[in-house]
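Read off the chains here:
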Amino acid sequence: QDGLVKPIARGNRRAMIRYRCAPATVGKVFSADDHEFQRAWILDLSLTGVGMQLSRPLEPGHLIIITIRGTIDAKIHELSARVMHCSPAPQGDWSIGCELATSLTPEELDQLL
């Protein structure tokens, strides 16, 4: 798994404020390399990014599709994203940070939180 784990950087490098999602917010991640969905625990969202926890690592730079059900209308939202970092998390999971291909509007962000 060389190249997947990066040392933890100190300080906040984010340009946008991230908002915590409700506990147990579930999404799915589709990776063209895997040809299958992987369950994701969505931890936080911003207008330009997603933080989540997965059971398997993803390579930084990899393009993925994240599906999340809206909290207001129960509509399924598909978000294209690029994996920016992947680091080990407790209990063998992986913390993944992604940059969205298209920024969310404030209204879309509200629908997902």
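The model shown is predicted, which means the values in this text are computed figures rather than measured ones.

Novice: Explanation requested: the overall build of the protein in the structure shown.
Specialist: Secondary structure assignment for the protein yields 1 helix and 7 strands. Secondary structure elements of the protein occur, N-terminal to C-terminal, as β-β-β-β-β-β-β-α. By residue count, 35% of the 113 residues in the protein fall in the buried class. The long-range share in the protein, meaning contacts at least 24 apart out of those at least 6 apart in sequence, stands at 52%. In the structure as shown, the protein presents an accessible area of about 7100 Å², 52% of it carried by carbon and sulfur atoms.

Novice: Looking at this structure, I do not really get the nonpolar core. What am I missing?
Specialist: The nonpolar side chains of a soluble globular protein tend to be buried, and buried together. Judged by nonpolar contacts, the single largest core of 23 residues is most densely connected at Ile-42, Met-52, Ile-64, Ile-66 and Ile-96. Leaving out residues up to four positions away in the same chain, Ile-66 has contacts with Lys-28, Val-29, Ile-42, Val-50, Met-52, His-77, Glu-78, Leu-79, Ala-81 and Cys-98.

Novice: Can you walk me through the pairing of strand E3 (residues 36–45) in this structure?
Specialist: Within a regular beta strand, the side chains point alternately toward one face of the sheet and then the other, so they alternate between its two faces. The pairing of strand E2 (residues 26–31) with E3 spans 6 bridges and is antiparallel. Looking across to E3, one finds that Lys-28 is bridged to Arg-39. The antiparallel pairing of E2 with E3 creates a hairpin that spans 4 residues between the two strands, and His-35 there sits at a positive phi of about 60 degrees. In the sheet, E3 pairs with strand E4 (residues 49–54) via 5 bridges, with the strands oriented antiparallel. What sits directly across from Ile-42, in E4, is Met-52. Connecting E3 to the next strand, E4, in antiparallel fashion are 3 residues.

Novice: Quick question: what am I supposed to make of a nonpolar patch on the surface here?
Specialist: A cluster of nonpolar residues, Val-26, Trp-41 and Leu-43, forms a patch on the protein surface that exposes about 240 Å² of accessible area. Tracing the sequence through the fold places Trp-41 in strand E3. Owing to a relative accessible area of 36%, Trp-41 belongs among the partly exposed residues under this scheme.

Novice: What is the right way to look at the environment of Gln-111 in this model?
Specialist: Mapped onto the elements of the fold, Gln-111 is located in helix H1 (residues 106–112). A residue is classified by how much of its surface remains accessible, and Gln-111, at 25% relative accessible area, is partly exposed. Considering only alpha carbons, one finds Gln-111 and Lys-75, 36 residues apart in sequence, at a separation of 8.9 Å. Not counting the four nearest positions on each side in its chain, Gln-111 is found in contact with Gly-70, Thr-71, Ile-72, Asp-73 and His-77.

Novice: Sorry if this is basic, but what is going on with the confidence of the model for the protein here?
Specialist: Detail in the predicted coordinates should be disregarded across regions flagged by low pLDDT. The predicted model of the protein has a mean per-residue pLDDT of 83, with 85% of residues at 70 or higher. Looking across the protein, the model is least confident in strand E1 (residues 19–20), with a mean pLDDT of 71, and most confident in strand E7 (residues 94–100), with 95. In this model residues 5–12 is a low-confidence stretch, pLDDT under 50, and it forms 6 contacts with partners more than four residues away in sequence or in other chains.

Conventions we followed
Sequence order as written defines the numbering, with residues in each chain counted from 1. Selection of residues for local features in this predicted model requires a pLDDT of at least 70, selection of side-chain atom pairs for listing and counting requires 80 or more, and totals for whole chains, interfaces and linings are taken over all residues. To get the side-chain values, take all heavy atoms of the structure and skip hydrogens and water. The way it works is that DSSP assigns letters per residue, a run of H or I at least four long becomes a helix, a run of E at least two long becomes a strand, and they are numbered from the N terminus. Burial here depends on accessible area, computed with a 1.4 Å probe over protein chains only, as a share of the maximum for the residue type. Under 20% is buried, over 50% is exposed, and the range in between is partly exposed. Should any heavy atoms of two residues lie within 4.5 Å, those residues are counted as being in contact. Surface accessibility follows the Shrake-Rupley procedure with a 1.4 Å probe radius. Residue values consider only the protein chains on display as shielding. Put simply, a nonpolar core is a bunch of buried Ala, Val, Leu, Ile, Met, Phe, Trp, Tyr and Cys residues held in one set by side-chain atoms that sit within 4.5 Å of each other. Strand pairing is assigned whenever DSSP identifies at least 2 bridges connecting the two strands. Only residues whose relative accessible area exceeds 30% and that form no salt bridge enter a patch; like-charged residues are grouped when within 9 Å of one another, and nonpolar side chains (Val, Leu, Ile, Met, Phe, Trp, Tyr) when within 5 Å. Every case where a carboxyl oxygen of Asp or Glu lies within 4 Å of a side-chain nitrogen of Lys or Arg is listed as a salt bridge. You can read pLDDT as the predictor saying how much it trusts each residue, on a scale of 0 to 100.

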